[in-house]
Amino acid sequence: MALQKGSLVPNFTATDSQGEQFDSALVFGKQWVVLFFYPKDDTPGCTTQACAFRDRYQDFTDLGAVVIGVSSDGVASHVRFQSKYKLPFTLLADSQKKIRTLFGVPKDLMGLVDGRATYVIGPDQKIHYIFDSIRGSGHMERALAFLKSKV
């Protein structure tokens, strides 16, 4: 069952773009978190989405939020993507799609492509906002506008 607005986000672990173990319990429930799922590193829509978060990253940190990207690409792909576009936030490798399944992020384009969704998670570890759109644009803007209205 997909997590929805108001759902408590369960803890999970994953490997980050530095090859380190990421434990959500160390981040979630302590501050605002913007968790965005995207289909694939270094594709046009995903690059647009990630670079939008990069370009306004300071606005998120000024609001006390952490930005984290998730795709099913592996660590090596994330390293290249992060380096190429100078992405300042954590990318999580979800090659077995456990995090995507945990959140219930749907497939897009008739089930052929991993979906794209952005979740704003509060210091209470609950989902406060969800934006689900296959388009790479709009995710950062909506997450930032929501945070500005709450913080």
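Going by the structure above, here's the rest.
Conventions adopted
- Residues numbered from 1 in each chain as written.
- Predicted model: local features only at pLDDT ≥ 70, side-chain atom pairs only at ≥ 80, totals over all residues.
- Heavy atoms only, no water.
- Helix = DSSP H or I, 4+ residues; strand = E, 2+ residues; numbered from the N terminus.
- Rg over C-alpha atoms; globule rule 2.2 N^0.38 Å.
- Buried < 20%, exposed > 50% of the residue type's maximum accessible area, 1.4 Å probe, protein only.
- Contact = heavy atoms within 4.5 Å.
- Areas by Shrake-Rupley, 256 points an atom, 1.4 Å probe, with all protein chains shown as cover.
- Lys, Arg positive; Asp, Glu negative; His and termini not counted.
- Charge placed at Lys NZ, Arg CZ, Asp CG, Glu CD.
- Pairing = 2+ DSSP bridges.
- Axes fitted to C-alpha atoms, helices over the stretch in contact; angles between N-to-C directions.

**Q** For this particular structure, what's the right way to read the overall build of the chain?
**A** Secondary structure assignment for the chain yields five helices and nine strands. The helix and strand sequence of the chain, counted from the amino end, reads β-β-β-α-α-β-α-β-α-β-β-β-β-α. Its C-alpha atoms give the chain a radius of gyration of 14 Å, within 12% of the compact-globule value 15 Å for 151 residues. In terms of overall dimensions, the chain has a C-alpha envelope of 35 × 35 × 30 Å along the principal axes. Across the 151 residues in the chain, those meeting the buried criterion constitute 50%. Considering only residue pairs separated by 6 or more positions, the chain has 64% of its internal contacts joining residues 24 or more positions apart. Of the roughly 7200 Å² that the chain leaves accessible, carbon and sulfur atoms contribute 53%. The averaged location of the 15 negative side-chain charges in the chain is 4 Å from the averaged location of its 18 positive side-chain charges.

**Q** Where do I start with the sheet that holds strand E5 (residues 90–93) in this structure?
**A** Paired through backbone hydrogen bonds, the strands of a sheet run either parallel or antiparallel to each other. Taken in spatial order, the seven strands make up an open sheet running E2-E1-E5-E4-E3-E8-E9, and their pairing is mixed. Unpaired on one side and paired on the other, strand E2 (21–23) and strand E9 (127–132) mark the two borders of the sheet. Strand-to-strand, the axes of this sheet are offset by a mean angle of 30°, without reference to chain direction. Pairing between strand E8 (residues 117–121) and E9: five bridges, direction antiparallel. Its bridge partner lying in E9, Ala-117 is registered against Asp-132.

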